[in-house]
Structures are given as C-alpha cells and as structure tokens.
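Here is what each chain is made of, one letter per residue.
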Amino acid sequence: MAAKNRSSFLLSATPVSVIAHLLGIAATTLVLVWILHFRGGLALKSETKQKIFNVHPVLMVIGFIIVGGEGIMAYKTVPSSSRKMQKLVHLVLLLIALLLGILGVFAVFKFHHELGIPDLYTLHSWLGIITICLFGLQWLFAFFSFWFPGAEMPIRARLVPWHAFVGMVIFLMAICTAETGLLQKFILLGLVRGQEALIVNFTGLIILLFGIAVGLTAILRRAYK
C-alpha cells in the first residue's frame, strides 16, 4: 500500500514535455525576432559581415539546443510503443542537431576570419568547442554501441545509465554555452535597456527553462507503454 501511495505522487513526463515544446517554440520565435528584426537578417555569404555571424546564434539555439532537446525527449514523446522507433528518432534528431551545430560553429569561424578577429579567446568559445566535440563523440559512441553493429545486451545495459548521464551533462553544457554567448553579445552590443535588450534577456531565460523541462522530462515516466 505504501508503495502504491508513493507511486501516486509520480508525475508523468507528458505535461512537462508539452511545456518543453512550448518553451522551445518561444525560444525559436525570440531568436528569429532578434536576428531578423534587430540584427538585419542572416546569410552565410554577404558583404554585411554581421549577417554571417547571425547564422551562429540561430543554428546554435534552434538547431543545436532545441532540436537536441527534442532528441533527448524522444523516448518520452514519440507516440510509439516500439523502442527501436524511439531510438531511431532519438538518433536522427541528435544527428540533425550535431550537423546544424557544426554549421553554426563554421559560421562564426567564417565571420572571424573575414574580419580578422582572433578565434577561441573567450569562455563562451571554449565551452562551445568542448561541447560540440563531446556531442560528436557521444553520438558516434552511441551509434556503434546501441545501433550498428551494437554491443552485446549485457554490455548495453551497463552502458545505458552512463550514456544518459553524459548526454545530459553535454546538453547542460550547451545551455551554459548559450547563456554565456548571449551575455557576451549583450555586453558587446552595449545593450542596457529597450526592446532588443528584453528580447536577449528573455531568450536566455527561456533557454534555461527549456533545459530544465527537458531534463525533467528525461527522468519522469511515460504516460503510456
């Protein structure tokens, strides 16, 4: 009876994942409003070099963090009872996040190169490079361990908790990297108050809340089997 009473306090992952989706949409909207309305748009090739840089925050927030967060939540949000299907969606979404993240990093290196700005001289850049490298290594390790060719079942069972733990650490590192990047840009632009300052601050806040919601979704039980 005690165990049953305790289980009644368990929260389903579903409502938390819905909140995470809404926060992801909000973060996406704010980043696009910031870049398209206040920063002049984005392009990988342009005479206006700021447009090249603008590709970076868009892809890192929307591509790397939002899509990556959706990949983490796949086991709780994909409406399928097939574990293999959930694993496939998880794998594909994280691959998309990785590729978009790499393109986002390329954009900022291209921006620095064309303006003669030194690379990797801030905490934000250090965290970013470490995070993207660990993300790539984690994806490759998971692909060969859990998908193809796949380790033996007893080995997989031992690896799963560590895979989940390291994945969450990397995701939280991505959140920290985004926060330091927004703060760095806030300072460089000399923002104090006004609409753009509010957009940047709210973007950082919502990204943090999105990370919390994703983490909570990952540890809660599914509403159905």
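Residue positions are given per chain, counting from 1 as you read along its sequence in written order. Side-chain atom pairs in this predicted model are given and counted only at pLDDT of 80 or more, local residue features only at pLDDT of at least 70, and totals for whole chains, interfaces and linings cover all residues. Neither water nor hydrogens contribute to the side-chain values; these are computed over all heavy atoms in the structure.

S.K.: Please clarify how the overall build of the chain should be interpreted in this entry.
M.R.: On a plain count of helices and strands, the chain comes out with seven helices and zero strands. Strands are runs of DSSP state E lasting at least two residues, helices are runs of H or I lasting at least four, and both sets are numbered from the N terminus onward. In sequence order, the secondary structure elements of the chain are arranged as α-α-α-α-α-α-α. Here the globule rule reads 2.2 Å times residues to the power 0.38, and the radius of gyration is calculated from C-alpha atoms. Here the C-alpha atoms of the chain give a radius of gyration of 19 Å, agreeing with the 17 Å that 2.2 N^0.38 yields for 225 residues. Projected onto its principal axes, the C-alpha coordinates of the chain cover approximately 65 × 40 × 25 Å. Burial classes follow relative accessibility: with a 1.4 Å probe on protein chains only, a residue under 20% of its type's maximum area counts as buried, one over 50% as exposed, and anything between as partly exposed. Looking at the chain as a whole, 44% of its 225 residues qualify as buried. In what follows, residue pairs with any heavy atoms lying within 4.5 Å of each other are defined as contacts. When contacts within the chain are restricted to residue pairs at least 6 apart in sequence, those whose partners lie at least 24 apart make up 73%. All accessible-area figures derive from a Shrake-Rupley calculation using a 1.4 Å probe, and residue coverage is judged against the displayed protein chains alone. Entry remark: accessible area of the chain is about 12600 Å², with carbon and sulfur atoms responsible for 75%.

S.K.: Just to check I follow, could you spell out the environment of Lys76 for this structure?
M.R.: Inspection of the secondary structure puts Lys76 in helix α3 (residues 49–77). What makes Lys76 buried here is its relative accessible area of 18%. When the C-alpha atoms of Lys76 and Glu47 are compared, they prove to be 45 Å apart, with 29 residues separating the residues in sequence. The residues touching Lys76, leaving out its near neighbours within four places in the chain, are Ala13, Thr217, Ala218, Ile219, Leu220 and Arg222.

S.K.: What is the right way to look at the packing of α3 against helix α4 (residues 83–115) in this model?
M.R.: Each pair of packed helices can be described by the angle between their axes along with the distance between the axes. Note on method: axes are straight lines fitted to C-alpha atoms, helices fitted across the in-contact stretch only, with angles between N-to-C directions ranging 0 to 180 degrees. Where α3 meets α4, the axes come as close as 8 Å, and the angle between the chain directions of the two elements is 165°. Taken together, the axes of α3 and α4 lie roughly antiparallel to each other. Crossing angle aside, the handedness with which α3 passes α4 is left-handed. Under this grouping Gly is polar, as are all residues other than the nonpolar Ala, Val, Leu, Ile, Met, Phe, Trp, Tyr, Cys and Pro and the charged Asp, Glu, Lys and Arg. Here the contact of α3 with α4 is composed, by residue class, of 22 nonpolar, nine polar and six charged. For classification purposes, angles smaller than 35 degrees are called roughly parallel, those larger than 145 roughly antiparallel, those between 65 and 115 roughly perpendicular, and all remaining angles oblique. Handedness of a crossing follows from how the near helix is turned relative to the far one, being left-handed for an anticlockwise turn of less than a right angle and right-handed for a clockwise one.

S.K.: Teacher, can you tell me more about the confidence of the model for the chain here?
M.R.: Parts of the model with low pLDDT should not have their predicted coordinates read in detail. Scored between 0 and 100, pLDDT is the confidence that the predictor attaches to each residue. Residues with a pLDDT of 70 or more make up 94% of the chain, whose mean pLDDT is 92. Counted against residues more than four places away or in other chains, residues 1–9, with its pLDDT under 50, gives zero contacts.

S.K.: Just checking my understanding: could you explain a nonpolar patch on the surface for this structure?
M.R.: The patch calculation keeps residues exceeding 30% relative accessible area without a salt bridge and links them within 9 Å when they carry like charges or within 5 Å when they are nonpolar (Val, Leu, Ile, Met, Phe, Trp, Tyr). We define a salt bridge as a side-chain nitrogen of Lys or Arg found within 4 Å of a carboxyl oxygen belonging to Asp or Glu. Judged by side-chain polarity, Leu120, Leu123, Trp126, Ile130, Leu134 and Leu137 come together as a nonpolar surface patch covering roughly 600 Å² of accessible area. With respect to the helices and strands, the residue Leu137 is situated in helix α5 (residues 123–147).

S.K.: Any chance you could explain the nonpolar core here in plain terms?
M.R.: It is characteristic of soluble globular proteins that their nonpolar side chains tend to be buried jointly. One finds Ile65, Phe135, Phe171, Ile207, Phe210 and Val214 to be the most contacted residues of the largest nonpolar core, which totals 44 residues. Taken together, the elements giving at least two residues each to this core come down to α2 (13–38), α3, α4, α5, α6 (153–188) and α7 (195–219). Within this scheme, the nonpolar core is defined by two criteria: the residues are buried Ala, Val, Leu, Ile, Met, Phe, Trp, Tyr or Cys, and they are joined through side-chain atoms within 4.5 Å.

S.K.: How should the UniProt feature "transmembrane region" (unreviewed entry) in the chain be read in this particular structure?
M.R.: UniProt positions are given in the numbering used here, feature names are shortened, and annotations may be inferred rather than shown by experiment. What UniProt calls "transmembrane region" (unreviewed entry) maps, in this numbering, to residues 9–35, 55–76, 88–111, 123–147, 159–178 and 198–220. Measuring from the first to the last C-alpha atom of residues 123–147 gives 35 Å, for a span that is 100% helix and 0% strand. Taken end to end, residues 198–220 has its terminal C-alpha atoms 33 Å apart, with 96% of it in helix and 0% in strand.

S.K.: In this structure, what is going on with the environment of Cys133? I would like to understand it.
M.R.: Its location among the elements puts Cys133 in helix α5. Look at Cys133 and you get partly exposed, because its relative accessible area is 43%. Taking the C-alpha atoms as reference, Cys133 lies 22 Å from Gly150; in sequence the two are 17 residues apart.

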